[in-house]
Each structure stands twice: as structure tokens, then as C-alpha cells.
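Coordinate inspection notes
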Amino acid sequence: MKTLGANTIRVYHVDPKADHSKCMATFADAGIYTLIDLDTFDTYILPNDPWWNQTQHDRYAEVMDAFIDFNNVLGFFIGNEIIAMANQSQVAPFIKSATRDMKAYRDKKGYRKVPIGYSAADIAELRPMLQDYLTCGGREADNVDFFALNSYEWCDKTTYAVSGYANLQKTAENFPVPIFFSETGCNVPGPRLFDDQEAIFGPEMVNDWSGSIVYEWIEEANHYGLISYGPKVEPTVTGKNIEGGFTRAGTPTPVLPDFTNLQSKWATITPKGVASSDYTPTDLSTRACPTSTKDGWLINGNVALPTVGETFQGTFTPTPTANPSDTGSAASPSSTKNPAPPNKEIAGMSIGLVGVMLIFTLWL
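What you see is a predicted model, and the numbers here were worked out from it, not measured in a lab. (Residues numbered from 1 in each chain as written. Predicted model: local features only at pLDDT ≥ 70, side-chain atom pairs only at ≥ 80, totals over all residues. Heavy atoms only, no water.)

**Overview of the overall build of the protein**
When you go through the protein residue by residue, the secondary structure sums to eight helices and 14 strands. Within the protein, the fraction of its 364 residues that count as buried is 53%. By element, 53% of the accessible surface of the protein is carried by carbon and sulfur atoms, the whole surface being about 15,900 Å². (Helix = DSSP H or I, 4+ residues; strand = E, 2+ residues; numbered from the N terminus. Buried < 20%, exposed > 50% of the residue type's maximum accessible area, 1.4 Å probe, protein only. Areas by Shrake-Rupley, 256 points an atom, 1.4 Å probe, with all protein chains shown as cover.)

This is the structure:
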């Protein structure tokens, strides 16, 4: 990962009962941050039958407890693509409830204010409303600290205007919290050229987007991997460190030419972050809570958020937008310590993913 130029990885699911200290120390020594998903395979919020209960709360809290003391934890994801279809936006208040309660848990425990955000599927008819909804209402204590997008719109060879990135940029301008790509790297038709990195970290997008995580680190059946740990075997083969026909341990070997294409692309990119002294909050836009649309966004305005133990009853109660004095507190600019030397602070991301991240330069 260090050879590739990554400065951040994303880990989708972790075992909170395992000892992660050696692994996290190894990443820190290499100047690599981590983004950790709080949910697990049996605790994530369901889109079609949503609820947020104490069991989920406590399991998310266990993951936070396990990683909060590592200085190279950059952020926590409250969920990944919970809304995966256009008719599932009724779950959005439950995403916001989980965010609210995990931020409250973090603060009650006196933990470092590690940002908590959401990773969204790129659903064109919902994306603008979802990113606005998760940051609207006037209460920072309820809102995500960052918004991330899983997008595969840029498939080489294409351009900024043709790919769809120009439309993504329009909805990201002056966004009130950091916004970045939590998955990218279309592999059709292949090989991957990663020309989108020049746009993300170039003049068209760099002032609004905070980074890019490339999917994914390990080669699997979907052929998105940047490295492999051994030759492919038959899917029916079983054995130590073999899963789904692929070896999961050993010496990593680059998948070519994708690995070197990305390495070369990142080597030519020299983005600069925003110094806290140059940060002007008034330049950011305050997003209104979106209204419902026919056959589209299903949440009408700023609704009352579910409490712990609540299940979806088919409708939500409207609630007024909070006054600025009721906002609570977000993660402070000095929250996250930098484990990397200064020249690596803004450099490169995957375990699920790898990438170059400007993300949270305001938090560093």
C-alpha cells in the first residue's frame, strides 16, 4: 500500500473482540489512516424493514470502543449503501438516528471527536436529496460529519464532461461537510487507467471533493483487485486462507497493469489541502431538508428522528428545523492526529479499498 502511494484504507467489517494494535501500528508507521465501518454483517440497518435498536447501538459502540484510541483512525462509517434502490429512502431517518446516537455515545465517553459519516450508493434520483437530508435540520449533533459516495460513473476512456462527474460536482459545490469518493474505479472495459483521479484532484473538483478511495485491494471474482496473494484456484477448493477461489494471505503481487497505472497516476498528482487558517465556514452552503417527490425521495422535510428501539411505522412526524444555538458540536479541527510525516500527510486508499485523500484536512 505504501508503494502504491495510499495514505488511507477503508475496512468494511471488523471483529471488535480481536487485537488490532499491531495492524494499526503497522499502518501508522507507513503513514496510513483508516476509515472503519461501525456496522457488522448482522447489525446493519435494513432498508425495507428499518429499525434502530439497543442491540445495534451496543454492537456499533463495541467497534468504536475497539478503535477509538488509535490515532490513525480518520473516521467511522455509520453504514454503506443502506439505500441501494430508488424506493428505499424511507430508511434515511434511521441512518440519521444511528449517526446521532453514535456521536452522542462518542461524546459521553469523552472520546476523541472522530468524524462519523455515511457511504452512499450513486443513485441519481436520490443522491442530491440524501446528501442534503443527512446534513440538514440545523442540528450538527444529528448530522453526518462527512458524506461519501460509491460511484463508478467514470469508465476509461472518458472525460470529465462525458463521465457524469460534472453533475456530481454541481451538487458538491460548497457542501457543508467533507465529501469524497468512498468507492471508485470502474473496470469496464479495462485495463483501468484511473484518469478520474486527475479530475478529482484537479481544478474542476479539488476545491469541493476531499479524496478518492479506489475499489479494491485484494483480487476477487469481480476483478477489481490491485494485488493478489497467489494464483486463482477453483471455487470449490478449500484450505487455509483460501476463500471463493482466491488466496487471502501471503506476499502481495501487483495486478498489472492496474497497480502500476494507479501508482503512476497518484505520483503525478500534487493536491493541496485547506489550512485551518484559510477555512471560512460562511463560504459553505446550508442545505434545506428536501421535500418528498412522487416515485422518488420519500421523506418530506425535516422529520422527527426515530429513538432507540423504534421501528418504521409507515410515516414520520414533521419537526421544525433547529435554531443555530441548538446545533451541538462537530468534530474539531484538531481532533485527529497525523501519524504520517509532513510530506505524506495528503498523499494517497482499500481493504476493501485504497486512495489518495485530502479528506479531513480540516480535522488533521
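On we go from here.
**Focus on the confidence of the model for the protein**
When pLDDT is averaged along the protein, the result is 87; 87% of the residues meet or exceed 70. A low-confidence stretch, residues 324–351 (pLDDT under 50), is modelled with 95 contacts involving residues beyond four sequence positions or located in other chains. Contacts from residues 359–364, a stretch scored under 50 in pLDDT, to residues over four places away or in other chains number 35 contacts. (pLDDT = per-residue confidence, 0-100. Contact = heavy atoms within 4.5 Å.)

**Here we look at the pairing of strand β6 (residues 146–150)**
Burial within β6 is extensive, with five of its five residues counted as buried. The alternating pattern of β6 places Phe-146, Ala-148 and Asn-150 and Phe-147 and Leu-149 on opposite faces, both of which are buried. As paired elements, strand β5 (residues 116–121) and β6 share five bridges and run parallel to each other. Across the sheet, Ala-121 pairs through a bridge with Asn-150, a residue of β6. (Pairing = 2+ DSSP bridges.)

**Quick word on the pairing of strand β8 (residues 209–215)**
Here β8 lies mainly inside the structure; seven of its seven residues are buried. Where strand β7 (residues 179–184) lies against β8, three bridges are found, and the strand directions are parallel. Its bridge partner lying in β8, Phe-181 is registered against Ser-212.

**Some remarks on the state of the cysteines**
Scanning the model with the defined rule gives two disulfides in all. What pairs with Cys-136 in a disulfide is Cys-289, and their sulfur atoms sit 2.0 Å apart. Residues Cys-136 and Cys-289 share a disulfide whose torsion about the S-S bond is about 100°; that sign makes it right-handed. With Cys-136 in the loop between α4 (127–133) and β6 and Cys-289 in the loop between α8 (258–267) and β13 (310–311), this residue pair connects regions lying 153 residues apart in the sequence. An identical accessibility class is assigned to Cys-136 and Cys-289; each is buried. Cys-155 shares a disulfide with Cys-186; S-S distance 2.0 Å. Taking the torsion about the S-S bond as the criterion, the Cys-155 to Cys-186 disulfide, at about 95°, is right-handed. One end of the pair, Cys-155, is in the loop between β6 and α5 (160–163); the other, Cys-186, is in the loop between β7 and α7 (196–200), and 31 residues separate them in sequence. You can call Cys-155 partly exposed: its relative accessible area is 25%. (Disulfide = S-S within 2.5 Å.)

**Some details on the pattern of salt bridges**
Applying the stated rule across the entire model yields 16 salt bridges. Asp-107 is the partner of Arg-106 in a salt bridge, and the nearest nitrogen-oxygen pair spans 2.9 Å. What makes Arg-106 buried here is its relative accessible area of 1%. Between Glu-198 and Lys-265 there is a salt bridge, and its shortest N-O distance comes to 3.0 Å. In this pair, Glu-198 sits in helix α7 while Lys-265 sits in helix α8, placing the two residues 67 residues apart along the sequence. Classification of Lys-265 by relative accessible area gives buried; the value is 13%. (Salt bridge = Lys/Arg side-chain N within 4 Å of Asp/Glu carboxyl O.)

**Comments concerning the nonpolar core**
Within the largest apolar cluster, 79 residues are counted, with the highest numbers of intra-cluster contacts made by Phe-76 and Tyr-118. Sort the elements by how many residues they give to this core and helix α3 (residues 92–108) lands first, with six residues. What Phe-76 contacts, discounting residues up to four positions off in sequence, is Ile-36, Leu-38, Met-64, Phe-67, Ile-68, Val-114, Pro-115, Ile-116, Gly-117 and Phe-146. By size, the runner-up hydrophobic cluster in this structure holds eight residues, among which are Leu-35, Phe-77, Phe-180 and Ile-213. (Core = buried A, V, L, I, M, F, W, Y, C linked by side-chain atoms within 4.5 Å.)

**As for the side chain of Ser-119**
With respect to the helices, strands and loops of the structure, Ser-119 is situated in strand β5. In this structure Ser-119 comes out as buried when scored by relative accessible area, which is 0%. Sequence-distant contacts of Ser-119, that is, excluding residues within four places in its chain, are made with Arg-10, Phe-77, Gly-79, Asn-80, Glu-81, Ala-148, Asn-150 and Ser-182.

**Focus on the packing of helix α2 (residues 54–67) against α3**
With their axes 11 Å apart at the nearest point, α2 and α3 run at an angle of 50° to one another. With respect to their mutual orientation, α2 and α3 come out oblique. Helix-helix and strand crossings are classified by hand; for α2 and α3 the assignment is right-handed. Together, His-57, Tyr-60, Ala-61, Met-64 and Asp-65 of α2 and Asp-101, Met-102, Tyr-105 and Arg-106 of α3 make up the contact between the two elements. (Axes fitted to C-alpha atoms, helices over the stretch in contact; angles between N-to-C directions. Parallel < 35°, antiparallel > 145°, perpendicular 65-115°, else oblique. Left-handed = near helix turned anticlockwise from the far one by under 90°.)

**Some points on empty space enclosed by the protein**
Counted as a void, the largest cavity has a volume near 50 Å³. In this structure, the largest cavity is lined by Ile-83, Ala-120, Ala-121, Ile-123, Leu-126, Arg-127, Leu-130 and Trp-297. Of the residues assigned to the lining of the largest cavity, the class counts are seven nonpolar, no polar and one charged. (1 Å grid on protein atoms, 1.4 Å probe; cavity = no way out; pocket = protein on both sides within 12 Å on 5 of 7 lines; lining within 4 Å. Points joined across faces, edges and corners; volume = space filled by probe spheres on them. Nonpolar A, V, L, I, M, F, W, Y, C, P; charged D, E, K, R; others polar.)

**What to know about the environment of Glu-220**
Tracing the backbone shows Glu-220 in the loop between β8 and β9 (227–228). The exposure class assigned to Glu-220 is partly exposed, which follows from its relative accessible area of 21%. For Glu-220 and Thr-247, which are 27 residues apart along the polypeptide, the C-alpha to C-alpha distance reads 9.2 Å. Not counting the four nearest positions on each side in its chain, Glu-220 is found in contact with Phe-246 and Arg-248. There is a polar contact of 2.7 Å between the side chain of Glu-220 and the side chain of Arg-248. (Polar contact = N/O pair within 3.5 Å; in protein donor to acceptor, adjacent residues only side chain to side chain.)

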